[in-house]
Structures are given as C-alpha cells and as structure tokens.
Amino acid sequence: MGIRDTILAAQAGEKRLDVTVERWGGETLYFRRLTTRDVDNISRKYPKFFIEPSMTMLVDVLIDRAETVDGEKLFTRDDKSMLMSEPAEVIDSIARSMVLKTAEPAEETEKN
C-alpha cells in the first residue's frame, strides 16, 4: 500500500469527536476534525481566525461543523440569530473545545 492509500484509509477511518453542552440539557454535539481545507476556508472569510477570533466566526464554525449523533447537520444558517443570542461563554467554550480537540493527535483523542 502506497502513501496515498494510507492517507485515504486514515481519512476514511477518522472518528468523530464530541462536546457536551450542559446549558443545553447535557446535549452532545458531534463534529469531525477541522481539515486544512476547513481552516483555509475559515481563514479566507476571517483573516484573523487564529489571532482574534470573533463570536460571529465561532458561531459560523459551530453551524458548519456541529452534527447530530446520526451525522446530520445540527444547525443551519437560520439558527445563527438564535446562537448569537446565547451567552458568549457558552459559544466560546463549545468552539474552543472543537478546535482544541481537533488539534489533539488522533491517538490521544481515541484514548480519552
């Protein structure tokens, strides 16, 4: 098996990560790791993504990435106003969990 096949197999076997939100009744949101394509797309829309993340950017990432247990999109753009009305610390905590868990090596995440 060549490197290309190894990379494709690793991508296909990637497990979803999750974050539980106590404020939302202990609901669990699922998401896939951010890819380099995702980071590139976010960085184009929000050039200061890593330097000065905005709440709008965090909500957009949440809308784009959050899934149900069945892998369906959890939020749509129609939910943006509702999410923007949540306390900042809730959205910040969820988004930071998503980004930090994405940054963990896959082997570490699977142990947790």
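First, a word on what this report is: a plain description of the structure on this page. (Residues numbered from 1 in each chain as written. Predicted model: local features only at pLDDT ≥ 70, side-chain atom pairs only at ≥ 80, totals over all residues. Heavy atoms only, no water.)

**Details of the overall build of the chain**
Condition: Runs of H or I in DSSP of at least four residues are treated as helices and runs of E of at least two as strands, each being numbered from the N terminus. Buried means the residue's accessible area, taken with a 1.4 Å probe over protein chains only, is under 20% of the maximum for its type, while exposed means over 50%, and partly exposed covers the values in between. Throughout, the Shrake-Rupley method with a 1.4 Å probe supplies accessible areas, and for residues the shown protein chains are the sole cover considered. Under this rule, positive means Lys or Arg and negative means Asp or Glu; His and the chain ends count for nothing. Every charge is mapped onto a representative atom, which is NZ of Lys, CZ of Arg, CG of Asp or CD of Glu.
Scanning the chain for helices and strands turns up six helices and two strands. Ordered by position from the N terminus, the helices and strands of the chain form the series α-β-β-α-α-α-α-α. Over its C-alpha atoms, taken along the principal directions, the chain stretches across nearly 50 × 35 × 25 Å. The buried share of the chain, reckoned over its 112 residues, is 28%. As presented, the chain carries roughly 7600 Å² of accessible surface, and 53% of it is formed by carbon and sulfur atoms. Computed over 17 positive and 22 negative side-chain charges, the separation of the two mean positions in the chain equals 4 Å.

**A closer look at the pairing of strand S1 (residues 17–21)**
Under the convention used in this document: For two strands to pair, DSSP has to find at least two bridges joining them.
Burial of the side chains of S1 is restricted to one face: Leu17, Val19 and Val21 are buried, whereas none of Asp18 and Thr20 on the reverse face is. Where S1 hands over to strand S2 (residues 27–31), the hairpin turn is made up of five residues, of which Gly25 adopts a positive phi near 70°.

**A word on the packing of aromatic side chains**
Applicable threshold: Here the aromatic set is Phe, Tyr and Trp, taking the six-membered ring for Trp, and pairing holds for ring centres within 6.5 Å; pairs whose planes are under 30 degrees apart are stacked, those over 60 apart are edge-to-face, and all others are tilted.
Taken as a whole and assessed by the stated rule, the structure comprises one aromatic pair. Seen in terms of ring centroids, Trp24 and Phe75 are 6.2 Å apart; in terms of plane orientation they differ by 70°. Their pairing is edge-to-face. Of the two residues, Trp24 sits in the loop between S1 and S2 while Phe75 sits in the loop between helix H3 (55–65) and helix H4 (80–84), which places them 51 residues apart along the sequence.

**Some words on the side chain of Glu86**
The criterion, for reference: Only heavy atoms enter the contact rule, under which two residues are in contact if any of them lie within 4.5 Å.
By secondary structure assignment, the location of Glu86 is in the loop between H4 and helix H5 (88–103). Setting aside chain neighbours within four positions, we find Glu86 in contact with Arg23, Trp24 and Ile91.

**Concerning H3**
Of all 11 residues that make up H3, eight are buried, and the element is covered over most of its length. Buried within H3 are the following residues: Met57, Leu58, Val59, Asp60, Val61, Leu62, Ile63 and Arg65.

**Details of the pattern of salt bridges**
Heads up, the condition is: Salt bridge, as used here, is a side-chain nitrogen of Lys or Arg placed within 4 Å of a carboxyl oxygen of Asp or Glu.
Throughout the structure, instances matching the rule amount to 11 salt bridges. In this structure, Arg77 engages Asp60 in a salt bridge whose closest nitrogen and oxygen atoms are separated by 3.2 Å. Of this pair, Arg77 sits in the loop between H3 and H4 while Asp60 sits in helix H3, and the two are 17 residues apart along the sequence. Relative accessible area serves as the criterion here: at 42%, Arg77 is assigned to the partly exposed category. Note on Asp60: relative accessible area 3%, which makes it buried. It is possible to trace a salt-bridge network through shared partners that takes in Lys45, Asp60, Asp64, Arg77 and Lys80.

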